[in-house]
Amino acid sequence: MTEILYRQYVGESDLPHIMALVQSELSEPYVIYTYRYFLHQWPQLSFLAIPAGSSEPIGVIVCKQSMHKHASNRGYIAMLSVSKSWRKRGVASTLVKRSVEVMRRHGVDEVVLETEYDNAPALSLYESLGFIREKRLYRFYLNGKDAFRLVLAVPPSELDRDLPHYMKLSPTNTILSYSVASDDDEVSYR
């Protein structure tokens, strides 16, 4: 079996490969600005899978992480695509695990995504990783198909559990700072 190497998104040179994979495997059409929205703001959350000895990616995951309703630090899997000829080799689950682990290290409380309601392989993959179906979204996709929103609760890592809130990393990979004289509502992100 061919060894598969995983690496983070490194820049604009990866974009044509990511777009080709997503466009060939997913039903939802995305414009270049959608890709750049995710990749430029959260490059650390996107990974590519590349067979050893090749420069052509065979899998990609694109994610983001931000505060949701000012209450929870939420990760979001926007795109996950693996070339059909490379499926059933653990590529997708490895991509998801790597992204979720980076999000966990940055304090994510949950990770969400949507997938077509009848995409049994995707539902099986995500449910095997601990995601649960939160709700059905009717006519969610442009093709008129329904989706399921899936959610993964992410407990804090052992290292983060004992840290005071002001020492944890924010979603933008910076340290939260605070002023001793201020109250908790005045946390600044630097």
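Definitions and cut-offs
- Each chain carries its own residue numbering, running from 1 in the direction its sequence is written.
- Restriction of local features to residues with pLDDT of at least 70 applies here, the model being predicted, together with a cutoff of 80 or more for giving and counting side-chain atom pairs; totals for whole chains, interfaces and linings are based on all residues.
- With hydrogens and water excluded, all non-hydrogen atoms of the structure serve as input to the side-chain values.
- A run of H or I in DSSP counts as a helix once it spans at least four residues, and a run of E counts as a strand once it spans at least two, with each numbered from the N terminus.
- Counting of polar contacts relies on pairs of N or O atoms within 3.5 Å, with two restrictions inside protein: one atom must be capable of donating a hydrogen and the other of accepting it, and residues adjacent in sequence are counted only when both atoms are side-chain atoms.
- Two strands qualify as a pair provided DSSP detects at least 2 bridges between them.
- Each axis is a line fitted through C-alpha atoms, and for a helix only the stretch in contact is used; angles between axes span 0 to 180 degrees, taken between their N-to-C directions.
- For every residue, the accessible area obtained with a 1.4 Å probe (protein chains only) is divided by the maximum for its type, and the residue is called buried under 20%, exposed over 50%, and partly exposed between those limits.
- Throughout, a residue-residue contact means that at least one pair of heavy atoms, one from each residue, lies within 4.5 Å.
- Taken from the helix axis, the directions to the C-beta atoms give the arc we talk about.
- The term salt bridge refers to a side-chain nitrogen of Lys or Arg lying within 4 Å of a carboxyl oxygen of Asp or Glu.

Draft legend 1. Structural context of the side chain of Arg149. Structurally, Arg149 is set in strand E7 (residues 147–153). A polar contact is formed between the side chain of Arg149 and the side chain of Glu114, at a distance of 3.1 Å.

Draft legend 2. Representation of the sheet that holds strand E5 (residues 110–116). Ordered by their spatial adjacency, seven strands build an open sheet running E1-E2-E3-E4-E5-E7-E6, and the pairing between neighbours is mixed. Two strands lie at the open edges of the sheet, namely strand E1 (4–8) and strand E6 (132–137), each paired on one side alone. Geometrically, the sheet is characterised by an average inter-axis angle of 25° between neighbouring strands, direction not taken into account. Across ten bridges, strand E3 (residues 59–68) lies against strand E4 (residues 72–82) in antiparallel orientation. Each bridged residue has a counterpart across the sheet, and for Lys64 the counterpart in E4 is Tyr76.

Draft legend 3. Inspection of the environment of Glu28 at higher detail. Inspection of the secondary structure assignment puts Glu28 in the loop between helix H1 (15–25) and helix H2 (32–41). Residue Glu28 is classed as buried on the basis of its relative accessible area of 17%. Remark: the alpha-carbon pair of Glu28 and Met79, spanning 51 residues in sequence, is separated by 9.7 Å. Ignoring sequence-local partners within four residues, the contact set of Glu28 consists of Tyr141 and Leu142. A polar contact of 3.3 Å, which involves the side chain of Glu28, links it to the backbone nitrogen of Leu142.

Draft legend 4. Here's a closer look at H2. Three or more residues of H2 are buried, namely Tyr35, Phe38 and Leu39. Axial view of H2: buried residues confined to an arc of 90°, hence all on one face. The inward-facing, buried residues of H2 contact H1, E3 and E4.

Draft legend 5. Local environment of the pattern of salt bridges. Taken as a whole and judged by the stated rule, the model has eleven salt bridges. Residue Arg74 pairs with Glu110 through a salt bridge whose shortest N-O separation is 2.8 Å. Note that Arg74 is positioned in strand E4 and Glu110 in strand E5, a separation of 36 residues in sequence. In this structure, Arg74 and Glu110 share a single accessibility class: buried. Note that Glu114 is salt-bridged to Arg149, the shortest N-O span being 3.1 Å. Of the two residues, Glu114 is situated in strand E5 and Arg149 in strand E7; the sequence distance between them amounts to 35 residues. There is no split in this pair, since Glu114 and Arg149 are both buried. One connected set of salt bridges, linked through shared partners, spans Glu25, Lys84 and Arg87.

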